[in-house]
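# Structural characterization, general
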Amino acid sequence: MTSTEPGRRKYDALAERYEEIFFYVADVGRQLVDLAAPRPGDRVLDVGSGRGAVARAALARGCAVTAVDASAGMVERLRVDYPAMTVRQLDAGRLDLPDGSFDLVTAGFVVQVLDDPAAALVEFHRVLAPSGTVALSLERQTVGRLKWLHDLNAEFFGEGRGGGPGPMTADQLDTLLTVAGFDQLTRTEVDIPKSVPDPAALWAWLELQGIQQVLDALPADRATAFREAFFAGAQRMHDDGGIELEFGATLHRAVSGPPA
Ligand SMILES: C[S@@+](CC[C@H](N)C(=O)[O-])C[C@H]1O[C@@H](n2cnc3c(N)ncnc32)[C@H](O)[C@@H]1O
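This section reports on the structure supplied with the text. These figures come from a predicted structure and were not determined experimentally.

So, how was this worked out
- Residues numbered from 1 in each chain as written.
- Predicted model: local features only at pLDDT ≥ 70, side-chain atom pairs only at ≥ 80, totals over all residues.
- Heavy atoms only, no water.
- Helix = DSSP H or I, 4+ residues; strand = E, 2+ residues; numbered from the N terminus.
- Rg over C-alpha atoms; globule rule 2.2 N^0.38 Å.
- Buried < 20%, exposed > 50% of the residue type's maximum accessible area, 1.4 Å probe, protein only.
- Contact = heavy atoms within 4.5 Å.
- Areas by Shrake-Rupley, 256 points an atom, 1.4 Å probe, with all protein chains shown as cover.
- Salt bridge = Lys/Arg side-chain N within 4 Å of Asp/Glu carboxyl O.
- Pairing = 2+ DSSP bridges.
- Axes fitted to C-alpha atoms, helices over the stretch in contact; angles between N-to-C directions.

We now examine the overall build of the protein. Broken down by element type, the protein carries 11 helices and 9 strands. Compactness check: the protein gives a C-alpha radius of gyration of 19 Å against a globular reference of 18 Å for 260 residues, within 12% of the reference. Each principal axis of the C-alpha distribution contributes one length, and for the protein these read about 60 × 35 × 30 Å. Counting all 260 residues of the protein, 48% fall into the buried class. Put simply, 76% of the contacts in the protein that link residues at least 6 apart link residues at least 24 apart. When the accessible surface of the protein is summed, it comes to about 12600 Å², and 52% of that surface belongs to carbon and sulfur atoms.

Right, dumping it as structure tokens:
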């Protein structure tokens, strides 16, 4: 498995409201498929489909879409929402699918959540037909004007102080693609800003992500201090040009060369 049981449970829990919380995935999914430009009838495998942000864009182009995900919760909903797709619960690192059986493999915001992304890319290469295309999106870390909120999180929850390797970069992903046997690598950056009307709406967005449960685990005075600091910071941002969530991604496209 290239993801752990807690990892799968996390996505099961997020499944219901996934695209409401991650407001940018539908847009990025469409742009990723536009970049890959499959033709009607092409066989497309979307790995780590989630609620179908990428897969539905391929379906709209008349492709024959197979959508796979490790989370049972995501898979259940995909089956209901998209009866025209073949949907399976599969691990990205062990795709139970024949060699050379797809023209395009897509994965939107997936490689960075895998324990072993290199193994998954080798699988993507294996299931692609010769000269098939892979198209992947990767989150680009942007802080910008929301630095106050990142700092607040770090102060209360220690985020970013774990000393771990940090999120995957676009250069690292290109290296992994090359090692897995892909060539003709291209990449492009996209930005998806979202305006938030006021501090209460920003708080509501954090609530969708479970901020209240996180605060419930803090001593009451710390929880109150977080809430007060949050609303003061959000109000300052609102007064200083408006609240905007800045989200960025890198889209990677490559072609399947001979086996690595
Ligand atoms: C960040 S979400 C992206 C969902 C979707 N591709 C999108 O663009 O909205 C990552 C998805 O990958 C799935 N996933 C995580 N580990 C996986 C694995 N080892 N194999 C297959 N899917 C996995 C999760 O269940 C989740 O649906």
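This next bit is on the pattern of salt bridges. Applying the stated criterion across every chain, the model contains 16 salt bridges. Salt-bridge contacts for Glu16 lead to Arg77; the nearest nitrogen and oxygen are separated by 2.8 Å. Taken together, the positions of Glu16 in the loop between α1 (5-14) and α2 (18-21) and Arg77 in helix α5 (residues 72-81) put the pair 61 residues apart, joining distant regions of the chain. Since its relative accessible area comes to 54%, Glu16 is described here as exposed. Of the charged contacts in the structure, one is a salt bridge between Arg56 and Glu19, with a shortest N-O distance of 2.7 Å. Here the residue Arg56 occupies a position in helix α4 (residues 55-60), and Glu19 occupies one in helix α2, the gap between them amounting to 37 residues. Using a relative accessible area of 23% as the deciding quantity, one classes Glu19 as partly exposed. Among the ionic contacts, a cluster of salt bridges with common partners joins Asp99, Glu123 and Arg126.

Below, the discussion takes up the sheet that holds strand β1 (residues 43-47). Read across the sheet, 7 strands follow the order β3-β2-β1-β4-β5-β9-β6 without closing on themselves; strand pairing throughout is mixed. Strands at the two margins of the open sheet, each flanked by one partner only, are β3 (86-89) and β6 (182-191). Sheet twist, expressed as the mean angle between neighbouring strand axes with direction ignored, is 15°. As judged from the 6 bridges shared by strand β4 (residues 102-108) and strand β5 (residues 128-140), these two strands associate in the parallel manner. Note that in β5 the partner of Leu104 across the bridge is Thr133. Where α5 meets the sheet, it contacts β2 (64-69) and β3, and its direction lies at approximately 165° from that of β3. Packing against the sheet, helix α8 (residues 170-179) makes contact with β5, β6 and β9 (248-256), and its axis sits at approximately 155° to β6.

Glancing now at unusual backbone geometry. Although it is not a glycine, Phe109 adopts a positive phi angle of roughly 55°. In this fold, Phe109 is placed in the loop between β4 and α6 (117-127). Owing to a relative accessible area of 12%, Phe109 belongs among the buried residues under this scheme. In the Ramachandran plot, Gln184 falls in the positive-phi region, its phi being about 50° despite a non-glycine side chain. Along the polypeptide, Gln184 turns up in strand β6.

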